[in-house]
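Each chain is listed here by its residues.
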Amino acid sequence: MELRQLQYFVTVAQHGSFTRAARLLHLTQPGVSSQIRQLERDLGHQLLDRSGRTVRLTPVGEAVLPHARAALASAAAARRAAQEFGGLRRGHVRLGMVAGAALTPPSGLGTIPGLATTLAAFRQEHPGIDFSLTEDTTARMLSALRDGRLDLAVVGLPTPGSGREGDDGGSSLSGLALHTVLEVPLVAACPVDHPLAEASGAAPASGAGSGAGSVHGSGTGTVPGTGSSGGSGSGAGVTAPGRDALPVAALAGHALVSTPRGTGLRTALERALAEAGVAATVGVEAAAPPQLAELAAHGLGVAVLPDPGPLPGLRVRPLTDPVPRVRIALAWPAGQPSSPPTAALVAHLRQAYPGPAAAQAPAVTAAPSAMCSSAAAPSSTSRSSGK
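Analysis parameters
- Per-chain numbering applies: the sequence of each chain, read as written, is numbered from 1 onward.
- Local features in a predicted model are, by the rule used here, given only for residues with pLDDT of at least 70; side-chain atom pairs are given and counted only at 80 or more, and totals for whole chains, interfaces and linings are based on all residues.
- Here the side-chain values reflect all heavy atoms present in the structure, with hydrogen atoms and water set aside.
- Working definition: helices are DSSP H or I runs of at least four residues, strands are E runs of at least two. Numbering for both runs from the N terminus.
- Using a 1.4 Å probe on the protein chains alone, a residue whose accessible area is under 20% of its type maximum counts as buried, one over 50% counts as exposed, and one in between counts as partly exposed.
- Pairs of N or O atoms are called polar contacts if they sit within 3.5 Å, as long as, within protein, a hydrogen donor faces a hydrogen acceptor (for residues adjacent in sequence, only side-chain-to-side-chain pairs).
- Relevant arc is that of directions from the helix axis to the C-beta atoms, nothing else.
- Two residues form a contact once any of their heavy atoms are found within 4.5 Å.
- All axes are obtained by fitting lines to C-alpha atoms, using only the stretch in contact for helices, and the reported angles, taken between N-to-C directions, cover 0 to 180 degrees.
- Any angle that falls under 35 degrees is termed roughly parallel, while one over 145 is termed roughly antiparallel, one within 65 to 115 roughly perpendicular, and all others oblique.
- Handedness of each helix crossing follows the sense of rotation of the near helix against the far helix: counterclockwise by less than a right angle gives left-handed, clockwise gives right-handed.
- Asp, Glu, Lys and Arg are counted as charged, while Ala, Val, Leu, Ile, Met, Phe, Trp, Tyr, Cys and Pro are counted as nonpolar; the rest, among them Gly, fall into the polar class.
- pLDDT measures how confident the predictor is about each residue, on a scale from 0 to 100.
- For this document, the term salt bridge refers to a Lys or Arg side-chain nitrogen within 4 Å of an Asp or Glu carboxyl oxygen.

1. With respect to the side chain of Arg315
Then, in step 1: If you trace the backbone, Arg315 turns up in strand 13 (residues 314-320).
Then, in step 2: Overall, the relative accessible area of 0% leaves Arg315 in the buried class.
Then, in step 3: At 3.0 Å, the side chain of Arg315 and the backbone oxygen of Ala197 are in polar contact.

2. Here we look at unusual backbone geometry
Then, in step 1: Between Asp321 and Pro322 the backbone carries a cis peptide bond, its omega angle lying at 0 degrees.
Then, in step 2: Phi angles above zero are rare outside glycine, and His26 is one such case at about 60 degrees.
Then, in step 3: With respect to the helices, strands and loops of the structure, His26 is situated in the loop between helix 2 (18-25) and helix 3 (29-43).
Then, in step 4: The backbone of Asp321 sits at a positive phi, close to 55 degrees, despite the residue not being glycine.
Then, in step 5: By the element assignment, Asp321 lies in the loop between strand 13 and strand 14 (325-333).
Then, in step 6: Note on Asp321: relative accessible area 55%, which makes it exposed.

3. A few points about helix 6 (residues 138-147)
Then, in step 1: Turning to helix 6, its buried residues number three or more, namely Thr138, Met141, Leu142, Ala144 and Leu145. Buried residues of helix 6, seen end-on, are gathered within an arc of 160 degrees and therefore sit on one face of the element.
Then, in step 2: At its buried positions, helix 6 is contacted by strand 3 (91-98), strand 4 (129-136), strand 5 (152-158), strand 6 (176-191), helix 7 (264-276) and strand 14.
Then, in step 3: A positive phi of about 85 degrees marks Gly148, the residue just after helix 6.

4. Brief notes about the packing of helix 5 (residues 115-125) against helix 9 (residues 340-352)
Then, in step 1: It is at 11 Å that the axes of helix 5 and helix 9 come closest, and there the two elements cross at 130 degrees. It follows that helix 5 is oblique to helix 9 by the angle criterion. Handedness of the crossing formed by helix 5 with helix 9: right-handed. Note on element contacts: helix 9 touches helix 5 through Pro341, Ala344, Leu345, His348, Leu349 and Ala352, opposite Leu115, Thr118, Leu119, Ala121, Phe122 and Glu125.
Then, in step 2: For the contact of helix 5 with helix 9, the per-class residue count stands at nine nonpolar, two polar and one charged.

5. Here we look at the confidence of the model for the protein
Then, in step 1: When pLDDT is averaged across the protein, the result is 74; 71% of the residues are at 70 or more.
Then, in step 2: This model gives residues 102-110 a pLDDT under 50, and the stretch forms 22 contacts once residues within four places in sequence are excluded.

6. Remarks on the pattern of salt bridges
Then, in step 1: Under the defined criterion, the tally for this structure stands at nine salt bridges.
Then, in step 2: A salt bridge links Glu270 to Arg261, with the nearest nitrogen and oxygen atoms 2.9 Å apart.
Then, in step 3: Notably, a salt bridge pairs Glu285 with Arg266, separated by 2.9 Å at the nearest N-O pair. Here Glu285 is found in strand 11 (residues 281-285), whereas its partner Arg266 is found in helix 7, with 19 residues between them in sequence.
Then, in step 4: Glu285 gets classed as partly exposed once you look at its relative accessible area, which sits at 45%.
Then, in step 5: Taken together, the salt bridges that share partners define one network made up of Arg261, Arg266, Glu270 and Glu285.

Right, dumping it as structure tokens:
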């Protein structure tokens with residue numbers, strides 16, 4: 001029995017496919033299959049049922065799987081312990097992030113740097129540390145952190161509803177440490193000819209004047225790796241509650257556009273609808289807020305998202321009763337020693353993104369587009385060695 005065989009077995013069990021496991025492991029499918037058959041011969045039992053379209057665990061496989069994961073976790077811990085003697089000269093960090101996050105922010109970004117900029121600065125200080133960057137839903141990344149498949153993640157979460165420690169408003173965060181980067185309210189964006197676009201005394205289109213449901217400001221807060229920041233006089237001001245606010249209950253009966261289930265944005269929307277005592281149908285799902293806004297502009301429904309700023313053909317209205325809010329946060333396993341590279345990266349990111357408490361403009365609640373590139377979608381993985 002070899003560690004690599006256990007890794008192949010765990011990967012196939014997780015994804016239910018030899019082909020997908022081989023692709024993730026950067027191996028051939030026959031090679032993965034051969035090694036798992038050798039593992040089965042060594043153990044004297046079949047671990048995987050290959051008879052159906054999806055590979056399934058046999059009863060023996062279900063019993064062996066947690067031990068295989070524990071063995072891999074112990075091997076990783078041994079490597080981390082050895083790394084401590086080498087300081088931060090070498091190492092590897094498995095970093096997850098909500099899919100759709102822009103790694104290269106556009107020009108004119110505000111005072112908070114993009115994620116790619118921050119990672120580049122960290123690697124200049126620690127050139128021997130490389131990264132695996134994985135995009136996935138928040139729910140799956142939280143599970144991966146607990147299982148030891150990720151070291152650190154940038155996740156999207158609904159803001160706490162109860163105010164209790166560890167309450168993220170939807171998912172249990174036990175066993176994880178959190179550092180909030182930014183909190184932002186959600187708004188409704190719909191075509192200008194949509195029934196919900198009408199508001200008393202409102203201008204007919206977003207960004208067309210002071211009646212557009214936004215106020216202009218000089219705030220420049222952004223989420224790491226997201227789109228744009230607010231600018232004074234640019235038409236990209238922050239959403240302010242007022243006479244154009246739309247009660248969440250008004251969304252009932254209208255087709256909605258949102259991110260998939262398992263994302264912080266979708267959970268925040270569903271919590272707000274439940275609190276308002278109404279149900280609404282999400283007719284179209286998309287990976288990231290910019291796609292939600294584009295779909296809404298083409299008449300496919302009312303998009304619920306962080307304020308996208310002025311966009312042609314869209315009317316943006318703040319939501320109220322209740323105000324759904326979502327946050328971007330760093331998450332990592334708590335109560336266990338991190339590898340030196342992971343601990344160093346966590347400290348670097350917390351310094352780069354001090355969080356809402358460090359905001360310099362208390363009157364500005366959130367910048368439009370602050371989370372417009374941060375949502376979740378089907379996973380994909382890329383590896384970076386700083387090249």
